[in-house]
Amino acid sequence: MVITKSRLVLGATAVTLSTIAVTSLGIHSRGQALFKASPKELVDEVWQIVQRQYVDGTFNQVDWQAVRKEYLNKSYSNQQEAYKSIREMLKRLNDPYTRFMDPQEFKNMQVDTSGELTGIGITISQDEKTKQLVVIAPIEDTPAFKAGILAKDVILKIDGKSTKGMDTNQAVNLIRGTAGSQVTLTIQRSNQEKQFKITRARIEIHPVRYSQKPTSVGKVGYIRLNQFSANAGKEMQEAIKNLEKQQVAGYILDLRGNPGGLLFSSVEIARMWMDKGTIVSTVDRQGEREREVANGRALTNKPLVILVDKGSASASEILSGALQDNKRAVIVGTQTFGKGLVQSVRPLDDGSGLAVTIAKYLTPNDRDINKHGIDPDVKVELTDAQRQDLWLREREKLGTLDDLQFAKAVEILGKQIAAKGTPTAEKK
């Protein structure tokens with residue numbers, strides 16, 4: 001996931017495999033040479049940040065003071081030795097979401113930028129129990145997506161190298177490469193191994209696509225949101241306003257395969273659909289809460305159905321959970337991914353960076369969805385074969401009545417429209 005304007009991230013172990021030019025973060029900041037001369041100070045800086053901010057005051061039952069003493073008693077002749085010790089130190093927390101990034105890894109982390117990237121276009125995470133590398137979701141229309149990579153795929157090998165014991169940073173370094181080059185992923189899916197040879201490319205992501213669809217229940221506004229990037233809010237606003245001008249009777253918001261992104265973007269978009277109520281709460285280790293609420297500026301109050309699946313994660317779960325708990329939308333599809341931790345991403349003085357878990361988020365009804373996800377109001381399962389057919393081989397059926405989840409959404413939307421007395425448009 002990616003940095004918000006306040007440097008908050010959602011489940012930051014998730015990394016989008018791409019290379020993005022960092023222009024505004026200022027990660028090569030003040031005193032860049034300072035810690036090259038004193039790597040031990042960098043080790044202590046990381047320890048101090050975790051000491052102040054980590055979500056669990058017991059540090060997951062680790063004697064954090066003893067850890068500091070151990071690593072500051074070591075001698076460091078260069079930064080690489082410091083980096084190695086920092087990674088070892090953070091592993092003591094047994095928290096794959098808290099991680100150190102060297103300057104190159106930090107530059108390549110997906111940050112709040114224009115949405116242009118070079119890579120294969122998947123977002124990955126590390127399973128907390130199995131430690132396996134898992135695909136959260138491929139980004140739509142990217143090389144990984146077109147190759148057939150699916151949410152929940154387990155990455156066993158990268159170019160023949162086993163990923164056992166590998167963290168997300170190491171995986172990113174192996175998968176990343178220049179446009180036009182290739183990488184081979186060995187995937188485990190439903191107890192079967194599959195190989196995918198994928199050509200890296202330059203990718204430009206437009207997070208929102210929309211259209212007006214004539215249906216038996218009237219004109220329906222269909223909006224597909226692929227990612228909660230910096231410009232997602234602006235594009236969502238344009239979509240809703242244009243569809244309102246076309247006098248649609250209701251909306252279907254498609255979050256299937258959306259791996260999340262900016263926390264602030266999910267809040268911004270939630271406010272476009274709801275006039276009042278809590279959107280999300282974040283809870284730190286002192287139990288203190290910060291709440292984001294609606295601001296009375298919803299762009300529409302027309303009936304809404306949201307489509308989700310196991311690739312809907314993080315910010316997707318915040319948005320769908322907020323609208324579900326506030327009874328603003330009906331959720332259709334399958335259980336979502338289940339990533340509900342908030343992290344702070346900090347640039348360090350030598351250009352490296354640290355992601356540290358600082359809070360968890362709760363839906364308005366105080367549901368902790370981490371590791372569980374959002375349960376749909378109406379469950380409509382697709383097999384892996386059906387999903388591949390729909391998303392890869394027969395894309396023209398996506399968002400049509402041949403799309404089983406969309407068809408169910410239309411059915412439910414029709415009942416909502418009838419109950420609300422919303423005028424339907426001319427039927428075709």
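Worth saying up front: this structure is predicted, and the values here are computed from it rather than measured.

K.L.:
Can you break down the overall build of the chain residue by residue, with the values?
P.N.:
A tally of regular secondary structure across the chain gives 12 helices and 20 strands. The buried share among the 428 residues of the chain stands at 57%. Contacts spanning at least 24 positions in sequence make up 72% of the contacts within the chain whose residues lie at least 6 apart. Accessible surface computed for the chain: about 17,800 Å², of which carbon and sulfur atoms make up 46%.

K.L.:
Go over the packing of helix α3 (residues 64-72) against helix α4 (residues 79-91), please, and point to the residues and values.
P.N.:
Two elements in contact, α3 and α4, have axes whose closest approach is 11 Å; the angle formed by their N-to-C orientations is 160 degrees. If you check the angle between α3 and α4, you find them roughly antiparallel. Handedness of the crossing formed by α3 with α4: right-handed. Contact residues: α3 offers Trp 64, Val 67 and Tyr 71, while α4 offers Ser 85, Glu 88, Met 89 and Leu 90. For the contact of α3 with α4, the residue count by class is five nonpolar, one polar and one charged.

K.L.:
Which residues make up the side chain of Thr 278, and what are the values?
P.N.:
By secondary structure assignment, the location of Thr 278 is in strand β14 (residues 278-283). Not counting residues within four places of it along the chain, the set of residues in contact with Thr 278 comprises Arg 291, Glu 292, Val 293, Asn 326 and Pro 364.

K.L.:
Please set out the pattern of salt bridges residue by residue, giving values where relevant.
P.N.:
One pass over the structure, following the stated rule, counts 19 salt bridges. Of the charged contacts in the structure, one is a salt bridge between Glu 244 and Lys 302, with a shortest N-O distance of 3.5 Å. Residue Glu 244 is found in helix α8 (residues 232-245), and its partner Lys 302 is found in the loop between β15 (289-293) and β16 (304-308); the two are separated by 58 residues along the sequence. Between Arg 387 and Asp 309 there is a salt bridge, and its shortest N-O distance comes to 3.2 Å. Here Arg 387 is found in helix α11 (residues 384-393), whereas its partner Asp 309 is found in the loop between β16 and α10 (315-325), with 78 residues between them in sequence. Asp 309 matches Arg 387 in its accessibility class, with the two residues each being buried. One salt-bridge network, held together by shared partners, links Arg 224, Asp 254, Arg 256 and Asp 403.

How each quantity is defined
- Residues numbered from 1 in each chain as written.
- Predicted model: local features only at pLDDT ≥ 70, side-chain atom pairs only at ≥ 80, totals over all residues.
- Heavy atoms only, no water.
- Helix = DSSP H or I, 4+ residues; strand = E, 2+ residues; numbered from the N terminus.
- Buried < 20%, exposed > 50% of the residue type's maximum accessible area, 1.4 Å probe, protein only.
- Contact = heavy atoms within 4.5 Å.
- Areas by Shrake-Rupley, 256 points an atom, 1.4 Å probe, with all protein chains shown as cover.
- Axes fitted to C-alpha atoms, helices over the stretch in contact; angles between N-to-C directions.
- Parallel < 35°, antiparallel > 145°, perpendicular 65-115°, else oblique.
- Left-handed = near helix turned anticlockwise from the far one by under 90°.
- Nonpolar A, V, L, I, M, F, W, Y, C, P; charged D, E, K, R; others polar.
- Salt bridge = Lys/Arg side-chain N within 4 Å of Asp/Glu carboxyl O.

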